[in-house]
Amino acid sequence: LSFVIGLDGIGSTGDNASPGNSSGSNKSPRRTSSRNIKVEILDRSNQPVGGERTGTITYVPGTGKFTATVDLGTMTTGDYAVKVKSDGYLRKRVSSGITTITAGITNNLPAVNLVTGDINGDNKIDILDYNIIMSCSVFTKDSSGACNSNSNYRNLSNLDDNETVDQFDINLFVRELTVQNGD
């Protein structure tokens with residue numbers, strides 16, 4: 001499968017409330033090729049098929065989006081639901097319905113934007129994520145906070161990927177919180 005993925009707050013993707021308004025998005029993210037992608041394939045009965053697939057997404061500066069190709073292995077041609085997730089983002093169905101996947105070729109899927117703010121990886125945005133972001137922010141001096149309990153929390157809390165967890169990350173989090181729509 002070939003993906004084009006917009007990550008809210010980065011590149012040409014705004015936020016979930018205004019996905020086309022990238023005026024506040026970071027156009028020069030620091031992590032351009034080290035982001036994981038997890039792909040879940042479901043059959044028409046909404047049952048997982050063949051286990052979770054993984055890959056790496058890469059930032060394309062010219063488009064402001066991320067791209068990835070994920071090998072499905074021995075998938076058979078058929079109709080499936082495809083869901084995608086990256087660390088720190090909510091899982092989302094790639095298209096609103098069923099996608100026909102043809103075995104033996106690269107299937108180009110519709111572009112999808114992922115909602116940011118899922119710092120603890122539970123596929124929801126809530127007060128637990130907010131507490132982690134705050135403990136990682138430049139406004140907190142507590143070295144025993146949640147940010148230090150997991151080595152990935154500082155990177156994941158930097159929602160706009162500009163090397164600093166600051167008021168821009170908190171604002172983006174609040175905007176994402178108001179209209180979250182993961183799958």
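What counts, and at which threshold
Residues numbered from 1 in each chain as written. Predicted model: local features only at pLDDT ≥ 70, side-chain atom pairs only at ≥ 80, totals over all residues. Heavy atoms only, no water. Helix = DSSP H or I, 4+ residues; strand = E, 2+ residues; numbered from the N terminus. Expected span 1.5 Å × (residues − 1). Buried < 20%, exposed > 50% of the residue type's maximum accessible area, 1.4 Å probe, protein only. Arc of directions from axis to C-beta. Polar contact = N/O pair within 3.5 Å; in protein donor to acceptor, adjacent residues only side chain to side chain. 1 Å grid on protein atoms, 1.4 Å probe; cavity = no way out; pocket = protein on both sides within 12 Å on 5 of 7 lines; lining within 4 Å. Points joined across faces, edges and corners; volume = space filled by probe spheres on them. Nonpolar A, V, L, I, M, F, W, Y, C, P; charged D, E, K, R; others polar. Pairing = 2+ DSSP bridges. Contact = heavy atoms within 4.5 Å.

A. Geometry of helix α3 (residues 167–178). In this model, α3 (12 residues) spans 17 Å end to end at C-alpha, consistent with the 16 Å of a helix rising 1.5 Å per residue. For α3, the full list of buried residues reads D169, I170, L172, F173 and E176. Burial along α3 is one-sided: seen end-on, the buried residues are contained in an arc of 160°. What points out from α3, more than 90 degrees from its buried face, is the exposed set F168 and T178. Put simply, D166 is the residue that caps the front of α3, since its side-chain oxygen is 3.1 Å from the backbone nitrogen of F168.

B. Representation of the layout of surface pockets. Put simply, the largest pocket is a space of about 280 Å³. D15, G24, S25, N171 and L172 are, among the 14 residues lining the largest pocket, the residues nearest its centre. Residues that form the lining of the largest pocket fall into these classes: two nonpolar, nine polar and three charged. Its boundaries defined by the atoms lining it, the second largest pocket holds a volume of some 190 Å³. Around the second largest pocket sit 14 residues that line it, and D87, G88, I119, N152 and L156 are the ones nearest its centre. Grouping the constituent residues of the lining of the second largest pocket by class yields three nonpolar, six polar and five charged.

C. Geometry of the pairing of strand β4 (residues 65–69). Looking at chain direction, strand β1 (residues 2–7) and β4 are connected through four bridges and run antiparallel. Its bridge partner being in β4, I5 is matched across the sheet by F66. Summarising the sheet, strand β3 (residues 53–60) and β4 pair through three bridges and their orientation is antiparallel. Bridging across to β4, T58 finds its partner in T67. Here β3 hands over to β4 after four residues, with G64 in that stretch at a positive phi of 70°.

D. Region of interest: the environment of G78. Take G78: it is sitting in strand β5 (residues 78–85). Of the residues examined, G78 reaches a relative accessible area of 17% and is grouped as buried. The spatial distance from the C-alpha of G78 to the C-alpha of Q47 is 14 Å, given a sequence separation of 31 residues. Those residues in contact with G78 that sit more than four places away from it in its chain are T99, T100 and I101.

E. Layout of the environment of I98. Secondary-structure assignment places I98 in the loop between β7 (92–93) and β8 (99–101). Here the alpha-carbon distance between I98 and R44, two residues 54 residues apart in the chain, equals 7.9 Å. Apart from residues no more than four positions distant in its own chain, I98 is found in contact with R44, D79, Y80 and A81.

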